[in-house]
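Letter by letter, the chains look like this.
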Amino acid sequence: VLQCMLPLPVWLGGPKENFRFFHQNYGETISDPFFLRWIYTFTMTSIFPDAHQAEKRVEQLKFTKYAVGDMVRMMEDSEDPMAKVSGYNKRGSVSISYDSILEEEDDESSTKKISPTSKMSYEPSRSIDASELFQIEPSVRLMKVAPTSAKYEDEAKAANSERFTLELARRCVEDRELDVSIEYNTCVKATASSINKAGKSQIVQLHTNRGIIKVPNDVKVLVAAGAWTSHVLALMELYAPVYPLKGYSMTVSAKEALKDNPQLKLEDLPSRIVSDKYLYTSRLGDDIRITSIGEFGGWDTKPTPDTDAEFRRESLSRMPHLAPLINKVSTRCGHRPYVSDGLLLLGRIPSHENLFVSVGPGSNGWKLAMGSGDIIDRLMDGQSKEQIQAEYGFDVGALDPAGRVVFSPIFSRLCRARWNI
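For clarity, every value in this text was computed on a predicted model and none was experimentally measured.

Focus on the pairing of strand β15 (residues 287-296)
Most of β15 is tucked away: 9 of the 10 residues are buried. Here strand β1 (residues 22-24) pairs with β15 via 3 bridges, running parallel. Bridge pairing links H23 to E295 in β15. Where strand β12 (residues 242-253) and β15 come together, 7 bridges link them in antiparallel fashion. Residue pairing across strands places Y248 opposite S292, the latter belonging to β15. Sheet analysis places strand β14 (residues 280-284) next to β15, joined by 5 bridges and oriented antiparallel. Directly across from R283, in β15, lies its bridge partner I288. The antiparallel pairing of β14 with β15 creates a hairpin that spans 2 residues between the two strands, and G285 there sits at a positive phi of about 65 degrees.

The following block contains the structure:
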């Protein structure tokens, strides 16, 4: 991310790369006071972490292990169809490396070297050579440059987050015992608060584009709006250090690929997660999902044309046999909600008696959804952090928003003016 903010020019010894994973819309970011505050906190936390930062990351890792395990148990419940609905794939992943030069077919006939993946993972893994890689994942033989080795994680798993979310929402609405209703096309425009008997602020109304939603005294409000959390909390004059990193993705149908090209075989298509430093491909049922790019550019979800062109060129270099479909499908962009210090915001916001938050970190949000939901439910129900730690073995206090989500009325008004909300 720091390389994205301050890339070293080629004439100063910086690398000459035809593909950059990190992008930044400087006109959008530098003119936004929120981004400037966010990136300052991110930079200081990265370079000068406080004495307890490493301990908090350990606790977050413990929470992540629990939350992912909770998700996996749901997916592997034989009586639950969620795995089939969401394209659950437990065939593991291969993070591939190259030793050769990839020729770029452009006007300048430039060349570049693709570095081994720099992805950090806590999954059990082992190194495999090209011959074993081709046996495990035959589809990589069709890449423009054949990989020479890989890191194989046989316990890695994947699923379609969009399908999972839609199915989960359907279940919540249809189960009358849960008493869940979803207000569609509804946007919170403002909030109203009052001071309760304990002298603390309490949310009493949500003002939306479709009217006012009253919040009874015994009801708690949870903000779990992903990258939009900072916008929602700014309406309450709170600063929440969450900024979107826009990701690019496209989805190709395996069935359509085989139908359109009779020479293709099933083993020519990715059967698991296949990634390198720049591109991440996953097989989710019939879907072959290709993802890449991290772009800072505000809350816009439209692909930037030049960045999209880079994304597509890189995809074609990995899967030239899918060129007709890659050239045809549209690119979709989504937000990865990044908290400036890399730690989840999970718990009650101290400035309000009945206000809670659950957001971050980055692209892991939906994988932690089941665990985050369980923990925030317990906190909202009155369980103490000590009780949760005794039961689960991690300190949820490490993820507390206290001191990170702060009352900042003047700054919030400035940001709302910049965002026109």
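This is not the end of the story, as more comes after the structure.
Digging into the pairing of β14
In terms of burial, β14 is a largely internal element, 4 of the 5 residues being buried. When strand β13 (residues 273-275) meets β14, the two strands line up antiparallel, connected through 2 bridges. Each bridged residue has a counterpart across the sheet, and for S275 the counterpart in β14 is Y280. Between β13 and β14, which follow one another and run antiparallel, lie 4 residues.

Digging into the packing of aromatic side chains
A full pass over the atoms with the stated rule returns 23 aromatic pairs. Relative to F42, the ring of W38 lies with its centre 5.4 Å away and its plane at 5 degrees, an arrangement referred to as stacked. One end of the pair, W38, and the other, F42, are both in helix α3 (residues 33-47), 4 residues apart, so they sit about a helical turn from each other. The two residues W38 and F42 agree in class, both being buried. Ring geometry for Y248 and F311: centres 6.2 Å apart, planes at 70 degrees, overall edge-to-face. Here Y248, found in strand β12, pairs with F311, found in helix α10 (residues 305-318); they are 63 residues apart in sequence, far enough to count as distant. The buried category is assigned to Y248, whose relative accessible area is 1%. Here R37 stacks its cationic end above the ring of Y239, 3.9 Å away from the centre of that ring. The lysine or arginine in question, R37, covers the ring of F411, its NZ or CZ lying 4.7 Å from the ring centre.

As for the sheet that holds strand β18 (residues 355-359)
Spatial strand order, β10-β18-β17: 3 strands in an open sheet with mixed pairing. Here the strands that pair on one side only, and so sit at the sheet edges, are β10 (221-223) and β17 (345-348). Going across the sheet, the axis of each strand differs from the next one's by a mean of 20 degrees, ignoring polarity. By the bridge criterion, 3 bridges tie β10 to β18 in an arrangement that is parallel.

The rules behind these values
- Residues numbered from 1 in each chain as written.
- Predicted model: local features only at pLDDT ≥ 70, side-chain atom pairs only at ≥ 80, totals over all residues.
- Heavy atoms only, no water.
- Buried < 20%, exposed > 50% of the residue type's maximum accessible area, 1.4 Å probe, protein only.
- Helix = DSSP H or I, 4+ residues; strand = E, 2+ residues; numbered from the N terminus.
- Pairing = 2+ DSSP bridges.
- Phe/Tyr/Trp six-rings, centres within 6.5 Å; stacked < 30°, edge-to-face > 60°.
- Lys NZ or Arg CZ within 6 Å of the ring centre and 35° of its normal.
- Axes fitted to C-alpha atoms, helices over the stretch in contact; angles between N-to-C directions.

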